[in-house]
Amino acid sequence: MSLMYELLKKNQDLWDLFTRKEEYYPEKLDKHQRFLFSEKYLRNASEPEVSRYLIENGMQVEFPENQTFAVCLTHDVDDIYPPLSHSLLSSAYSFKRLNFKDSANQLLWKLKGIDHSPYLNFSKIMDIEASFEAKSSFYFITSEIDPIRFRYDIEDIEHHLGEILDRGGEVGLHGGYYSYDSPEKIKKEKQRLEGVLGKKVIGFRNHYLRFKTPDSWEILTDAGFSYDSTFGYYDCAGFRNGMCHPFSPYNLDRGKEIDILEIPLVVMDVALFATSKSFEEAWERTKNLIDTTASFNGVITLLWHNFVFGCSFRNDWAKLYEKVLQYCFDKGAWMTSGEEIFRWWADRN
């Protein structure tokens with residue numbers, strides 16, 4: 001057993017938090033079959049108690065070029081064709097601000113062809129990140145069924161995936177809504193993405209953040225993934241198991257380590273803005289989580305959906321992303337993809 005596990009086992013409360021013992025046999029789940037967190041628990045979500053304990057008891061973390069903390073930048077690609085509701089909202093938003101060209105483009109992009117979709121914006125996102133010497137991960141859907149609408153065929157955007165790889169980014173799998181508890185479905189989706197990419201896929205995050213502790217980790221290990229970044233909150237921002245560092249999960253039922261690295265999700269745009277009353281509050285909460293992570297030489301994972309950068313009515317969300325990148329850049333953070341975090345962490349351990 002690793003020294004980290006041995007250390008945590010000396011503190012039963014922290015061991016239970018780290019392993020998320022209460023999630024093994026939940027009394028109640030939400031409509032998407034996700035664990036329901038109590039309000040009392042969520043109030044402590046901004047405190048990485050387990051990482052604090054590990055650092056105070058001798059855990060040492062290092063990053064390239066003596067950078068003191070890392071930011072894992074990620075994007076879930078839920079859509080590449082804007083739903084009609086998005087197009088109407090964006091068009092109206094631009095029209096109110098007298099940006100008539102954008103207003104028209106939001107509604108008429110189909111007339112110019114699929115490549116003119118405002119959500120095929122990976123180049124734009126990478127340009128923003130490159131200005132801060134950063135790169136990121138993009139997780140793509142390859143499942144054929146979805147509870148709301150058809151998403152896209154991954155084969156249609158093969159050259160866009162190639163550009164992401166050419167620019168040093170990562171392409172990972174965004175597991176289908178109905179796939180999170182099915183080894184067969186996840187393997188099939190992984191193979192489809194690898195067939196388009198022509199290379200192995202090592203990173204994963206599930207659609208709707210559907211996740212079951214510890215079963216999902218075991219399924220992903222069996223499917224051949226090296227790391228996961230689903231493990232976070234769908235309804236707030238914070239540290240789900242008190243960790244602001246990547247970690248190898250522990251299966252209490254089997255009494256053994258699971259052979260996968262979890263790079264826990266800390267801030268998701270949708271949850272952040274749904275629980276913040278203003279742009280300023282969303283910024284302050286994110287800044288505090290960044291500062292906390294930096295103080296423990298940790299890794300903070302951010303999820304900003306690609307649609308944010310293509311729809312006018314989410315302009316403030318895009319502005320916050322750039323503000324966060326600037327802040328982390330000024331603090332000397334290593335801002336990179338999940339794949340690079342995994343490789344660095346695996347080499348050190």
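Residues numbered from 1 in each chain as written. Predicted model: local features only at pLDDT ≥ 70, side-chain atom pairs only at ≥ 80, totals over all residues. Heavy atoms only, no water.

Trainee: Outline the pattern of salt bridges, listing residues and values.
Mentor: One pass over the full model with this rule turns up 22 salt bridges. Residue Lys187 pairs with Asp222 through a salt bridge whose shortest N-O separation is 3.0 Å. Here Lys187 is found in helix 9 (residues 183-197), whereas its partner Asp222 is found in helix 10 (residues 215-223), with 35 residues between them in sequence. What you see here is one network of salt bridges that share partners, running through Arg20, Glu22, Glu23 and Arg240. (Salt bridge = Lys/Arg side-chain N within 4 Å of Asp/Glu carboxyl O. Helix = DSSP H or I, 4+ residues; strand = E, 2+ residues; numbered from the N terminus.)

Trainee: Go over helix 12 (residues 279-295), please, and point to the residues and values.
Mentor: Compared with the 24 Å implied by 1.5 Å per residue over 17 residues, the 24 Å span of helix 12 between its first and last C-alpha is a close match. Looking at the buried residues of helix 12, the elements they touch are strand 9 (265-268), helix 11 (269-274), strand 10 (299-303) and helix 13 (315-330). The positive-phi residue at the C-terminal boundary of helix 12 is Asn297, with phi of around 50°. (Expected span 1.5 Å × (residues − 1). Contact = heavy atoms within 4.5 Å.)

Trainee: Now, about the nonpolar core: what can you tell me, with residues and values included?
Mentor: In terms of nonpolar packing, the biggest core is built from 84 residues, with Phe18, Phe140 and Trp304 touching the most fellow members. A total of 8 residues in this core trace back to one element, the largest contributor, which is helix 13. In this view, Phe18 contacts Met4, Tyr5, Leu8, Val50, Asn241, Met243, Phe247, Ser248 and Tyr250; residues no more than four positions away in its chain are not counted. Counting 15 residues, the second-largest nonpolar core is a separate cluster that includes Phe63, Cys72, Phe342 and Trp345. (Core = buried A, V, L, I, M, F, W, Y, C linked by side-chain atoms within 4.5 Å. Buried < 20%, exposed > 50% of the residue type's maximum accessible area, 1.4 Å probe, protein only.)

Trainee: Account for empty space enclosed by the protein, naming residues and giving values.
Mentor: A full pass over the atoms with the stated rule returns 2 cavities of 30 Å³ or more. Roughly 50 Å³ of internal volume is contained in the largest cavity. Forming the boundary of the largest cavity are Tyr180, Ile186, Phe204, Asn206, Arg210, Phe211, Ser216, Ile219 and Leu220. Of all elements in the fold, only strand 4 (203-206) and helix 10 reach the threshold of two or more residues within the lining of the largest cavity. If one sorts the elements of the lining of the largest cavity by residue count, helix 10 sits on top with 3 residues. Split into classes, the residues belonging to the lining of the largest cavity amount to 6 nonpolar, 2 polar and 1 charged. Approximately 30 Å³ is the volume attributed to the second largest cavity. (1 Å grid on protein atoms, 1.4 Å probe; cavity = no way out; pocket = protein on both sides within 12 Å on 5 of 7 lines; lining within 4 Å. Points joined across faces, edges and corners; volume = space filled by probe spheres on them. Nonpolar A, V, L, I, M, F, W, Y, C, P; charged D, E, K, R; others polar.)

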